[in-house]
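# Secondary and tertiary structure notes
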Amino acid sequence: KISESASMTSSLSDAETLRCFTTAEGLGQWLDTVSKFDSRRGGTVRFEAGFGGSYSLIHVPNHVVLATEVHGEIDIRVAPKESPVRVDVTITRFVLDSEHLESVRTTLQGTLNAIRTCLNG
């Protein structure tokens, strides 16, 4: 089991920051193009790359947890009343014996970097 974490700030408004994590368009900016989307807790999300996921927690405006088949659990905590908006992300994933640990770690770090880019507009 590995975890990668990052704290970052958003140059977007509170509402725009939340849209990055709770809309199909937002997920498409940092995760992958979305082909099916249900934003309810337990709602299924499918991506054009062929993997899926679901929301295990949506507590607007400050906590979203999305689990995907590729990334594991993506835990996003937003501090919307701060200026600039602070976002803390932890991605936790089990690594199978058949997988290369550094490749998985690189994927998770790339996801954190993509979130950071999304939050900078």
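So, about the overall build of the chain. Across its full length, the chain carries three helices and seven strands. Taken over the C-alpha trace, the chain has a radius of gyration of 14 Å; the compact-globule value for 121 residues is 14 Å, and the two agree within 12%. Considered along the principal axes of its C-alpha atoms, the chain spans approximately 45 × 25 × 20 Å. Total accessible area computed for the chain in this model is approximately 6,400 Å², and 47% of it derives from carbon and sulfur atoms. The averaged location of the 15 negative side-chain charges in the chain is 5 Å from the averaged location of its 12 positive side-chain charges.

Before going further, it helps to examine the packing of aromatic side chains. If you walk through the whole model with that rule in mind, you get three aromatic pairs. Ring centres of Phe21 and Trp30 lie 5.9 Å apart, and the angle between their planes is 65°; this geometry places the pair in the edge-to-face category. Their ring planes at 25° and their centres at 4.6 Å tell us that Phe47 and Phe51 sit as a pair that is stacked. Judged by relative accessible area, Phe47 falls into the buried class, the value being 3%.

Of note, Thr22 is situated in helix 1 (residues 14-22). On the accessibility criterion, Thr22 (19% relative accessible area) is buried. Here the alpha-carbon distance between Thr22 and Asp38, two residues 16 residues apart in the chain, equals 9.5 Å. Not counting residues within four places of it along the chain, the set of residues in contact with Thr22 comprises Phe37, Ser39, Tyr55 and Val64. Within the local environment of Thr22, its side chain forms a polar contact with the backbone oxygen of Leu18, the two atoms lying 2.8 Å apart.

Attention shifts here to the nonpolar core. Counting residues in hydrophobic clusters, the biggest one holds 30 residues, and the most contacted among them are Phe21, Leu27, Trp30, Ile76, Val87 and Val89. Those elements giving two or more residues to this core turn out to be strand 1 (2-10), helix 1, helix 2 (24-30), strand 3 (44-47), strand 5 (63-68), strand 6 (72-79), strand 7 (85-93) and helix 3 (101-119). A total of six residues in this core trace back to one element, the largest contributor, which is helix 3. Every residue in contact with Phe21, bar those within four places of it in the chain, is listed here: Leu27, Trp30, Tyr55, Val64, Ile76, Val78, Val87, Ile115 and Leu119.

Reading the values: rules and limits
- Residues numbered from 1 in each chain as written.
- Predicted model: local features only at pLDDT ≥ 70, side-chain atom pairs only at ≥ 80, totals over all residues.
- Heavy atoms only, no water.
- Helix = DSSP H or I, 4+ residues; strand = E, 2+ residues; numbered from the N terminus.
- Rg over C-alpha atoms; globule rule 2.2 N^0.38 Å.
- Areas by Shrake-Rupley, 256 points an atom, 1.4 Å probe, with all protein chains shown as cover.
- Lys, Arg positive; Asp, Glu negative; His and termini not counted.
- Charge placed at Lys NZ, Arg CZ, Asp CG, Glu CD.
- Phe/Tyr/Trp six-rings, centres within 6.5 Å; stacked < 30°, edge-to-face > 60°.
- Buried < 20%, exposed > 50% of the residue type's maximum accessible area, 1.4 Å probe, protein only.
- Contact = heavy atoms within 4.5 Å.
- Polar contact = N/O pair within 3.5 Å; in protein donor to acceptor, adjacent residues only side chain to side chain.
- Core = buried A, V, L, I, M, F, W, Y, C linked by side-chain atoms within 4.5 Å.

Everything listed here is a matter of geometry and, on its own, says nothing about what the molecule does.
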